[in-house]
Amino acid sequence: MSDTPPHDLLRSGAFDAQHPPQRELIDDCVHCGFCLPSCPTYDLWGEEMDSPRGRIYLMKEGLEGEPMTDTMVGHMDACLGCMACVSACPSGVRYGTLINETRAQIERNHTRSRWEKLLRTAIFTVFPYPRRLRAMRGPLALYQRLRLGALLRRTGITAALPPHLRTMESLAPPINRAPRLGHRVPARGARRATVGMITGCVQSAFFPDVNAATARVLAAEGCDVVIPPAQGCCGALSEHSGREEEAVAFARTLLDTFDESRVDHIVINSAGCGSTLKEYPQLLRDDPHYAAKAERFAAKVRDIAELLTELGPTATRHPLPAAIAYHDACHLSHGQGIRSQPRDLLRGIPGLELREINRGELCCGSAGIYNLLQPEAAQELGDRKAAHVQDTRADLLVTANPGCSMQIRAALERRGEALPMAHTVQVLDASIRGEAVDTLLHT
Ligand code: SF4
Ligand code: SF4
């Protein structure tokens, strides 16, 4: 990414001519303020410019000639992109599109500090590359086996680290043996559908059990599961950070990897990725070679809970006597409107008790790489979420996004607590396989 703004594209205000935040979308906001109570950053700081309404106002000012200042960028950077405001807005304001367009403008036209550039470069050199993430498994497993984290904390070294590095250290999930997935898992019994499965970056590197459970549950429900090898990133992290060109390049490669004509559905078990996959038509709207392909692909994309609900259960569910707290991942609930499906799937398991988390609409602070870029705000939100999770007194926390699992686990650990965690599909898998509930409660 160039340090120099493309002056030939600059307008008089904050934005260049390449997809600035759209005037008509900005004008949909009637300034009612209904979104304010559900905005985590407004909840944290009570500042109008850190609310959805305030950020939309800043975008309007930028369109009307105000320059792109550090202050404006700061308010946009502080947004989690959690889309709680979209769920709350009675006027249907498409804030997600507005913030994505604004962030792409910022990355093109704003010069970040050297430290910010370094941090972002480091993150984007590793995170959207599953192979590079998988290469970290060995060293991380050793780090955990030798309990080096506890040693660094005892000696005060962790506390002396900059907040961004301290957060990275605390987020690493437990590394267990990775199951082999294969490239095709046949349906059990009569075939009801053929499903292409996206394995994700963080999910495949650090939560391979979730992918294995996804394939098993789909097969048990009558799906042939096709898992193309050597899948790349879907581009979600890049898109949500304004790195538009990079996101487009990842999207094109993934579209080429999946021969979508041969599958009925494309399934994803990570909320943030699913949200972006469904937005491919918007992301590739200017690409004459990929726009139509992106439309066809996006029409087939389903979150795993969405697809299992559409198919309806056929595999027998065995009892799992446990109290479960279900955490809504923002990009599943607010981003895709998927709230009832995972709850219905869980309630379909005999003996399982579902408990709601107070203020469940508020983000846990993970938000892609937000917790690495804005560690203080993310920690505060994580601590609040952990307190609400603890209040449920559940035996197990269930959520559908790897980032949320890592964020809430780290927040609970700061409180000296530990709670087993699982993805919705792991709970279903345990029930379908007739496993003892203890297998989930010791993860
Ligand atoms: S996306 Fe989330 S943090 Fe950003 S303005 Fe909307 S509610 Fe607030
Ligand atoms: S974004 Fe929606 S809810 Fe928020 S102030 Fe504007 S119209 Fe009201």
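The rules behind each value
Residues numbered from 1 in each chain as written. Chains lettered and ligands numbered in written order. Predicted model: local features only at pLDDT ≥ 70, side-chain atom pairs only at ≥ 80, totals over all residues. Heavy atoms only, no water. UniProt positions renumbered as here; feature names shortened; annotations may be inferred. 1 Å grid on protein atoms, 1.4 Å probe; cavity = no way out; pocket = protein on both sides within 12 Å on 5 of 7 lines; lining within 4 Å. Points joined across faces, edges and corners; volume = space filled by probe spheres on them. Nonpolar A, V, L, I, M, F, W, Y, C, P; charged D, E, K, R; others polar. Near = heavy atom within 4 Å. Sits in = over half its atoms within 2 Å of the grid points. Helix = DSSP H or I, 4+ residues; strand = E, 2+ residues; numbered from the N terminus. Buried < 20%, exposed > 50% of the residue type's maximum accessible area, 1.4 Å probe, protein only. Polar contact = N/O pair within 3.5 Å; in protein donor to acceptor, adjacent residues only side chain to side chain. Contact = heavy atoms within 4.5 Å. Domains from an automatic or database assignment. Buried area = accessible area lost by both parts, 1.4 Å probe. Salt bridge = Lys/Arg side-chain N within 4 Å of Asp/Glu carboxyl O. Expected span 1.5 Å × (residues − 1). Arc of directions from axis to C-beta.

Going by an unreviewed UniProt entry, the chain carries the name Glycolate oxidase iron-sulfur subunit and comes from Saccharopolyspora gloriosae. Note on the chain: under the UniProt heading Function (unreviewed entry), the record states "Component of a complex that catalyzes the oxidation of glycolate to glyoxylate."

Some thoughts on the layout of surface pockets
A volume near 900 Å³ is recorded for the largest pocket. Along the wall of the largest pocket there are 50 residues; nearest its centre are Phe127, Val202, Gly368, Leu372 and Met406. By residue class, the composition of the lining of the largest pocket is 35 nonpolar, 13 polar and two charged.

A short note on the site of ligand 2
Taken together, 13 residues lie around ligand 2, and Cys29, Cys32, Gly33, Cys35 and Cys89 are the ones closest in. Given that more than half its atoms are within 2 Å of the pocket grid, ligand 2 belongs to the largest cavity. For the shell around ligand 2, a count of residues per class yields nine nonpolar, three polar and one charged.

Topic: empty space enclosed by the protein
Applying the stated rule across the entire model yields two cavities of 30 Å³ or more. Every element with two or more residues in the lining of the largest cavity is listed here: α3 (52-63) and α5 (84-88). Across the lining of the largest cavity, the residue classes tally to 12 nonpolar, three polar and two charged. Of the voids in this model, the second largest cavity is the one considered here, and its volume is about 90 Å³. The wall of the second largest cavity is formed by 14 residues, among which Cys39, Pro40, Cys79, Cys82 and Cys85 lie closest to the centre. Contributing elements (two or more residues each) for the lining of the second largest cavity: α2 (40-45), α3 and α5. For the lining of the second largest cavity, the per-class residue count stands at 10 nonpolar, three polar and one charged.

A closer look at the site of ligand 1
In the vicinity of ligand 1, the contacting residues are Cys39, Pro40, Thr41, Pro52, Arg55, Cys79, Leu80, Gly81, Cys82, Met83, Cys85 and Tyr95. Looking at the shell around ligand 1, the elements that each hand over two or more residues are α2 and α3.

A few points about helix α26 (residues 424-432)
Most of α26 sits out of view: nine of its nine residues are buried. For α26, the full list of buried residues reads Thr424, Val425, Gln426, Val427, Leu428, Asp429, Ala430, Ser431 and Ile432. Positive phi shows up at Gly434, right after α26, with a value of about 70 degrees.

Focus: the side chain of Thr41
Residue placement: Thr41 occurs in helix α2. Among the polar contacts made by the side chain of Thr41, one reaches the main-chain carbonyl oxygen of Asp50 at a distance of 2.6 Å. A polar contact of 3.1 Å, which involves the side chain of Thr41, links it to the side chain of Arg55. Ignoring sequence-local partners within four residues, the contact set of Thr41 consists of Gly46, Asp50, Arg55, Ala78, Leu80 and Tyr370.

Details of the domain arrangement of the chain
As assigned here, the chain comprises domain 1 (23-111), domain 2 (115-171), domain 3 (184-310) and domain 4 (314-442). Contact with domain 1, which involves 17 residues of that partner, is made by 18 residues of domain 4. With both sides pooled, the region where domain 1 packs onto domain 4 buries about 1200 Å², and carbon together with sulfur makes up 61% of that total. Considering only the surface of domain 1 that becomes buried against domain 4, Asp43, Leu44 and Leu80 emerge as the three largest contributors, covering 40% of it. Counting across the domain 1 and domain 4 interface gives two salt bridges. Taking the shortest distance from any N to any O, the salt bridge between Arg384 and Asp43 comes out at 2.8 Å. Put simply, domain 1 and domain 4 have eight residue pairs in polar contact (both at pLDDT 80 or more) between them.

Brief notes about helix α24 (residues 375-391)
With 17 residues, α24 extends 24 Å from end C-alpha to end C-alpha; this agrees with the ideal 24 Å at 1.5 Å per step. Looking only at α24, the buried set comprises Pro375, Ala377, Ala378, Leu381, Gly382, Lys385, Ala386 and Val389. The buried side chains of α24 occupy one side of the element, clustering within an arc of 165 degrees when seen end-on. Along α24, exposed side chains directed more than 90 degrees from the buried face belong to Glu376 and Asp391. On its buried face, α24 is in contact with α2, α12 (163-171), α23 (370-373), β8 (396-398) and α25 (402-414). Of the residues one or two after α24, Arg393 is the one with positive phi, at around 55 degrees.

A look at the pattern of salt bridges
In the structure shown here, the tally under the stated rule is 31 salt bridges. Glu64 serves as the salt-bridge partner of Lys60, at 3.5 Å between the closest nitrogen and oxygen. The partner of Asp328 in a salt bridge is Arg343, with the nearest N and O atoms 2.7 Å apart. Residue Asp328 is found in the loop between β6 (322-326) and α21 (330-336), and its partner Arg343 is found in helix α22 (residues 340-347); the two are separated by 15 residues along the sequence.

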